[in-house]
Amino acid sequence: MMVFKTHKTLTSKVKEFKTKGLSTGFVPTMGALHKGHLSLMEQALESNDILAVSIFVNPTQFDNTGDLEKYPRTVEQDVSLIYEAFGKEKVIIYTPTVKDIYGHSPVSKKYNYDGLEHVMEGANRPGHFDGVGTILEFLFHKVQPDAAYFGEKDFQQLQIVKKLVEKLELPIAIIGCAIKREPHGLAMSSRNERLSSDSREYAAFIHKSLVKARAHFKNHSIPDTIAMVESLYHNQSRLKLEYFTITSEETLVPVKRKYHKHTYRAFIVAHIEDVRLIDNLRLS
Ligand code: PAF
C-alpha cells in the first residue's frame, strides 16, 4: 500500500517515478474527502501517470483554534475512498503528522503575493495565506508534481497558488477546476459535514443568492447589486453574512464601477450553525 507517513519515504518513491519518466498530478487536501476532491483526482489521473494526494489538516492556515479543532479528520475513510475510486496501482497518498512537516514549531513563512493576499479571505483571516503558502511550498518540493489541481471554490487560493509557483519559479502547472455542487446548489466542502441535513439544505441559499446577483448585475450597478444581496440576508435569520463583494477576476480587487470587457466575480462568506461557508460565481 502506497501510503506514506513521512516525507523521507515519500521522497524516495518520488525519485523512483522521476527515474522512470512518469508524470505526477497532485491533489493537496485537508481530508474529509467528497465528490469535489474526487473530481480533482480524476482530472489529475486523466492527464498524468501517477496521482499523488496529500491529506493533512494544516494548523498554520487556521486563524481560529476552534475552527482547527472542529475540522473533520477522517483519514482512514479518505484513503479507502481514494482506493475504491482509483485503485492502488497509480496512486500515492501522503498522510504526514504535524511534526513531519514542521518539526517542533508549526509556524508560517511570510509571503508576498503582490496584493492578492490583502483582500477577502486574506483580510478576514489574518495569516491564512502565509499558512497555505508554507504548506504548499513544502509539499511541492517533496512531491515534485508536473501539475497540481485546485477547486475554484477557493478561487482566491487558486490565484495565490499560481502566484506562489510563479514567484518560486517552480515548474508546476496549476490547474483550476470547476466547483462541484450538491444537487440543490450548495458548493461541496469538507465543512458541510458539520451541518445538520436541514441546514445543509438551507445553505443552498448561498448559491441562489449568487445566481440572483449575477442576474441583477446585468442591468444594475455594483453598489446596487451588493445592496440587493445584503437585503436578501437581512430578510432571513439562519445564515449570517460575513461578506459579499464583487471584484475584478484578475486582480481580486473589490470594484465599485463596471468597465467594458472586464471580467467580474462575486465572492461570498456566510455562517450557519457556526460553520463558515464560502462560494463564488463569475458575473460576466
Ligand atoms: O484547500 C485546501 O484544502 C488547503 O488550503 C490546501 C490547499 C490543501 C493547503 O492546506
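Refer to the structure presented above.
Parameters at a glance
Residues numbered from 1 in each chain as written. Predicted model: local features only at pLDDT ≥ 70, side-chain atom pairs only at ≥ 80, totals over all residues. Heavy atoms only, no water. Helix = DSSP H or I, 4+ residues; strand = E, 2+ residues; numbered from the N terminus. Buried < 20%, exposed > 50% of the residue type's maximum accessible area, 1.4 Å probe, protein only. Areas by Shrake-Rupley, 256 points an atom, 1.4 Å probe, with all protein chains shown as cover. Lys, Arg positive; Asp, Glu negative; His and termini not counted. Charge placed at Lys NZ, Arg CZ, Asp CG, Glu CD. Near = heavy atom within 4 Å. Polar contact = N/O pair within 3.5 Å; in protein donor to acceptor, adjacent residues only side chain to side chain. Nonpolar A, V, L, I, M, F, W, Y, C, P; charged D, E, K, R; others polar. Expected span 1.5 Å × (residues − 1). Contact = heavy atoms within 4.5 Å. Salt bridge = Lys/Arg side-chain N within 4 Å of Asp/Glu carboxyl O. Axes fitted to C-alpha atoms, helices over the stretch in contact; angles between N-to-C directions. Parallel < 35°, antiparallel > 145°, perpendicular 65-115°, else oblique. Left-handed = near helix turned anticlockwise from the far one by under 90°.

A.B. asks: Any chance you could explain the overall build of the protein chain here in plain terms?
C.D. replies: Within the protein chain, the secondary structure is distributed over eleven helices and nine strands. Taking the principal axes of the C-alpha coordinates as reference, the protein chain spans close to 55 × 40 × 40 Å. Across the 284 residues of the protein chain, 54% fall into the buried class. Working note: accessible area of the protein chain is about 13800 Å², and carbon and sulfur atoms make up 51% of it. Measuring between centres, the 38 positive side-chain charges of the protein chain sit 2 Å from its 34 negative side-chain charges.

A.B. asks: How do you make sense of the site of the ligand when you look at a structure like this?
C.D. replies: If you check the shell around the ligand, you find Pro28, Thr29, Met30, Asn58, Gln61, Ile135, Phe150 and Gln157 and nothing else. In this structure, glutamine 157 approaches the ligand through a side-chain N or O atom, which is 2.7 Å from an oxygen atom. Coverage of the ligand by the protein amounts to 88% of the 290 Å² it exposes when considered alone. When grouped by side-chain class, the residues that make up the shell around the ligand number four nonpolar, four polar and no charged.

A.B. asks: Whenever I open this one, helix α8 (residues 155-168) confuses me. Can you help?
C.D. replies: Side chains of residues three or four places apart in an α-helix project in the same direction, reflecting 3.6 residues per turn. Helix length check: α8, at 14 residues, gives a terminal C-alpha distance of 20 Å against a target of 20 Å (1.5 Å per residue), a fit within 8%. With ten of its 14 residues buried, α8 lies for the most part within the structure. Every buried residue of α8 is listed here: Phe155, Gln156, Gln157, Leu158, Gln159, Ile160, Val161, Lys163, Leu164 and Val165. In this structure, the buried side of α8 is in contact with α6 (120-124), α7 (128-143), β5 (147-151), β6 (173-177), β8 (264-272) and β9 (275-282).

A.B. asks: Help me understand the pattern of salt bridges in this model?
C.D. replies: Pairing is possible between side chains of opposite charge, provided their charged atoms come close. Applying the stated criterion across every chain yields a total of 21 salt bridges. Between aspartate 114 and lysine 167 there is a salt bridge, with its nearest N and O atoms 2.7 Å apart. Note that aspartate 114 is positioned in the loop between α5 (98-102) and α6 and lysine 167 in helix α8, a separation of 53 residues in sequence. Taking the shortest distance from any N to any O, the salt bridge between glutamate 182 and arginine 200 comes out at 3.1 Å. With a gap of 18 residues between them, glutamate 182 in the loop between β6 and α9 (197-202) and arginine 200 in helix α9 connect regions that are remote in the sequence. Three or more residues are tied together by salt bridges with common partners; here these are Asp63, Glu121, Arg125, Glu242 and Arg276.

A.B. asks: Explain the packing of α7 against α8 to me, please; I cannot follow it from the model alone.
C.D. replies: Any two packed helices are characterised by how steeply their axes cross, that is the angle between the axes, and by the distance between the axes. Viewed as axis vectors pointing N to C, α7 and α8 meet at an angle of 55 degrees, and their least axial separation amounts to 11 Å. With respect to their mutual orientation, α7 and α8 come out oblique. Considering only the axes of α7 and α8, their crossing is right-handed. Residues Phe129, Val132, Gly133, Leu136, Glu137 and Phe140 of α7 form the contact with α8, whose participating residues are Gln156, Gln157, Ile160, Val161, Leu164, Val165 and Leu168. Among the residues making up the contact of α7 with α8, the classes are represented as nine nonpolar, three polar and one charged.

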